[in-house]
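# Breakdown of the fold
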Amino acid sequence: MNSTDDAFDEATSNSSLLTCSFNQDGGCLAIGTTTGFSVHNLHPQYAVSVKRELSGGIGLVEMLFRCNLMVLVGGGPSPHAPPHRVLIHDDHQGRAIGDLSFRQVVLSVKLRKDAIAVALRDRVYVYHLSDLSLRDKIYTADNPHGLLCLSTQIQDMVLACPSVTTGHVRVELYGLRKTVVRCVLPCVYAKPLYSTVVLIRLSRIVTRSARKLASRTGADCRRCQISNSVRKRHCH
């Protein structure tokens, strides 16, 4: 362990971990604690690239690839900002350059180069990242885990979140024929979703139910069709 790691460990000895997330290419890990946040480079070699002490805790932190913009949401016993606010943080300037406020606690935030999506308990908001103007509002079933996925590796934006029907996934194809195409992909169970992931090339949606029954559902997102192969297993 080098001197940088020793200094980081000493500075964070009084902090408690609140959240962590990878950036879009998996090369960085962002960590939110009760005293601020940090960014760790994982590739090509490990290094602490950013460490910021704030006035309180960070319950959600999301990076935008490796650029200076990131999203912060307060959390913990003494949050840096109210948990119903999303702060657009510019690390070059060392301050928030924009914010979004809601009447509910923010459960999840996803970023791409042209959009920011925010999941609340019963709805999802989508904004243009350039000026934070509202692009879409999507109602969902009860979503206590803030399930939300946003494509980042393709030009046309694809968003997946719970539908208003329990156990169903809603997919938004924003680039298809320059209009929004809405479709619902039914899962193999009628229980609430526990997790959902849109794989990087958008050829598969992976979901998991609250009954700990893992199901891998093949879905053609562009045609809104379920494939015939579904694998189920009990999680231990």
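Placed above this text is the structure.
Residues numbered from 1 in each chain as written. Predicted model: local features only at pLDDT ≥ 70, side-chain atom pairs only at ≥ 80, totals over all residues. Heavy atoms only, no water.

## Considering the sheet that holds strand E1 (residues 17-22)
Within the open sheet, the four strands sit side by side as E1-E2-E3-E4. Their pairing is antiparallel. Whereas interior strands pair on both sides, the edge strands pair on one side only; in this sheet they are E1 and strand E4 (47-53). Shown here is a sheet whose adjacent strand axes are inclined to one another by a mean of 15°, direction ignored. (Pairing = 2+ DSSP bridges. Helix = DSSP H or I, 4+ residues; strand = E, 2+ residues; numbered from the N terminus. Axes fitted to C-alpha atoms, helices over the stretch in contact; angles between N-to-C directions.)

## With respect to the sheet that holds strand E6 (residues 69-74)
Taken together, the four strands give an open sheet; going across it, the order is E5-E6-E7-E8, and neighbouring strands pair in antiparallel fashion. Every other strand in the sheet has two partners, leaving strand E5 (58-63) and strand E8 (95-101) as the edge strands with one partner each. For this sheet, the mean inter-axis angle between neighbouring strands, taken without regard to orientation, is 25°.

## Brief notes about the packing of aromatic side chains
By the definition in use, this model includes three aromatic pairs. Aromatic pair phenylalanine 102 and tyrosine 125: ring centres 5.4 Å apart, planes at 35°, arrangement tilted. Of this pair, phenylalanine 102 sits in the loop between E8 and strand E9 (108-112) while tyrosine 125 sits in strand E11 (residues 123-128), and the two are 23 residues apart along the sequence. Seen from their ring centres, phenylalanine 102 and tyrosine 127 are 6.3 Å apart, and the 65° between their planes marks the pair as edge-to-face. Residue phenylalanine 102 is found in the loop between E8 and E9, and its partner tyrosine 127 is found in strand E11; the two are separated by 25 residues along the sequence. (Phe/Tyr/Trp six-rings, centres within 6.5 Å; stacked < 30°, edge-to-face > 60°.)

## Describing the pattern of salt bridges
Under the criterion given, the structure shown has nine salt bridges. Residue aspartate 91 pairs with arginine 52 through a salt bridge whose shortest N-O separation is 2.8 Å. Of this pair, aspartate 91 sits in the loop between strand E7 (85-90) and E8 while arginine 52 sits in strand E4, placing them 39 residues apart in sequence. With relative accessibility at 12%, the residue aspartate 91 sits in the buried group. Given the relative accessible area of 31%, arginine 52 is considered partly exposed. Here arginine 85 makes a salt bridge to aspartate 99, at a shortest N to O gap of 3.6 Å. Taken together, the positions of arginine 85 in strand E7 and aspartate 99 in strand E8 put the pair 14 residues apart, joining distant regions of the chain. (Salt bridge = Lys/Arg side-chain N within 4 Å of Asp/Glu carboxyl O. Buried < 20%, exposed > 50% of the residue type's maximum accessible area, 1.4 Å probe, protein only.)

## With respect to the nonpolar core
Formed by 18 residues in total, the largest nonpolar core has its most connected members in Val86, Phe102, Val106, Val109, Ile116 and Val118. Elements with a minimum of two residues in this core: E6, E7, E9, strand E10 (115-119) and E11. Beyond its immediate sequence surroundings of up to four residues, valine 118 is in contact with Val86, Leu100, Phe102, Val106, Ser108, Val109, Arg123, Val124, Tyr125 and Leu148. (Core = buried A, V, L, I, M, F, W, Y, C linked by side-chain atoms within 4.5 Å. Contact = heavy atoms within 4.5 Å.)

## A closer look at the pairing of strand E15 (residues 168-173)
Across the six residues that make up E15, a large majority, five, are buried. Of the pairings in the sheet, the one linking strand E14 (residues 158-162) to E15 comprises five bridges and is antiparallel in character. What sits directly across from alanine 160, in E15, is valine 171. Between the antiparallel neighbours E14 and E15 lie five residues, among them glycine 167 with a positive phi of about 85°.

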